[in-house]
Amino acid sequence: MNFFGRFFGHLNTVNRHRWKVFTACFKCGIPIHGLRHDLSKYSPTEFFAGVRYFQGNRSPNEKEREKFGYSAAWLHHKGRNRHHFEYWCDYDTVTKQMTPVPMPEKWLVEMFCDRVAASKIYKKKAYTDSSPWEYYKNARHRRMIHDDTAQSLEMLLKMLAEKGEKQTFSYIRKEFLKKKT
């Protein structure tokens, strides 16, 4: 694929993803999170790496990681976007080691919406409401995520798989966010 194909392919993927996240965040009652979602993807550090490693069927960060052993675009992204659990790690004052801390619920809900949207973008017509849970489940043993955050995210992903979007988004809006604030 030539530069322009990758450029417009990546731009289209980012824009479609952001729209799907905004729609989900709106349905969950956090529209401002949806509006601000992933704005750093338009920064030169993230955008041009996305163009360079664009494939259309998975994150360009995975391809960059394969080439260099790390993704500079991902390191930039996770440090600026609080909807990633990786953002929520800090030094523990007792152990003096990096440790996950609990995510605030609104950021956790945005992370949930992000996972749903990413699954829709990359799986396309093969997407089902179980897709985000299956993706998460397959790699959860490698994640450094706070137990409370993992428990809440897993509950929402399983609810989506079992009960669908309408019921899950309604639960998030009417109960999950209300009981946590």
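Quick note: structure is the one above.
Draft legend 1. Region of interest: the pattern of salt bridges. Throughout the structure, instances matching the rule amount to six salt bridges. In this structure, the salt-bridge partner of Arg58 is Glu62, at a minimum N-O distance of 3.4 Å. Lys120 serves as the salt-bridge partner of Glu165, at 2.4 Å between the closest nitrogen and oxygen. With Glu165 in helix α9 (residues 165-180) and Lys120 in helix α6 (residues 105-123), this pair connects stretches of sequence that are 45 residues apart. Shared partners join several salt bridges into a network, and the residues in it are Arg58, Glu62 and Glu66.

Draft legend 2. Structural context of a positive patch on the surface. On the surface, Lys106, Arg173, Lys174 and Lys178 cluster together into a patch of positive charge. In terms of residue count, α9 provides more of the positive patch than any other element does, three residues in total. Along the polypeptide, Lys174 turns up in helix α9. Given a relative accessible area of 53%, Lys174 falls into the exposed group.

Draft legend 3. Structural view of helix α4 (residues 60-68). Those residues of α4 lying buried are Pro60, Asn61 and Glu64. Along the axis of α4, the buried positions cluster into a sector of 100°, meaning they face one direction only. Those residues of α4 that are buried are in contact with α1 (3-28), α3 (44-52), α5 (72-78) and α6. Where α4 begins, one side-chain oxygen reaches toward the backbone nitrogen of Asn61, 3.1 Å away; that side chain belongs to Ser59. Trailing α4 by a residue or two, Gly69 shows a phi angle of about 90°, which is positive.

Calculation rules
- Residues numbered from 1 in each chain as written.
- Predicted model: local features only at pLDDT ≥ 70, side-chain atom pairs only at ≥ 80, totals over all residues.
- Heavy atoms only, no water.
- Salt bridge = Lys/Arg side-chain N within 4 Å of Asp/Glu carboxyl O.
- Helix = DSSP H or I, 4+ residues; strand = E, 2+ residues; numbered from the N terminus.
- Patch = residues over 30% accessible without salt bridge, like charges linked within 9 Å, V, L, I, M, F, W, Y side chains within 5 Å.
- Areas by Shrake-Rupley, 256 points an atom, 1.4 Å probe, with all protein chains shown as cover.
- Lys, Arg positive; Asp, Glu negative; His and termini not counted.
- Charge placed at Lys NZ, Arg CZ, Asp CG, Glu CD.
- Buried < 20%, exposed > 50% of the residue type's maximum accessible area, 1.4 Å probe, protein only.
- Arc of directions from axis to C-beta.
- Contact = heavy atoms within 4.5 Å.
- Polar contact = N/O pair within 3.5 Å; in protein donor to acceptor, adjacent residues only side chain to side chain.

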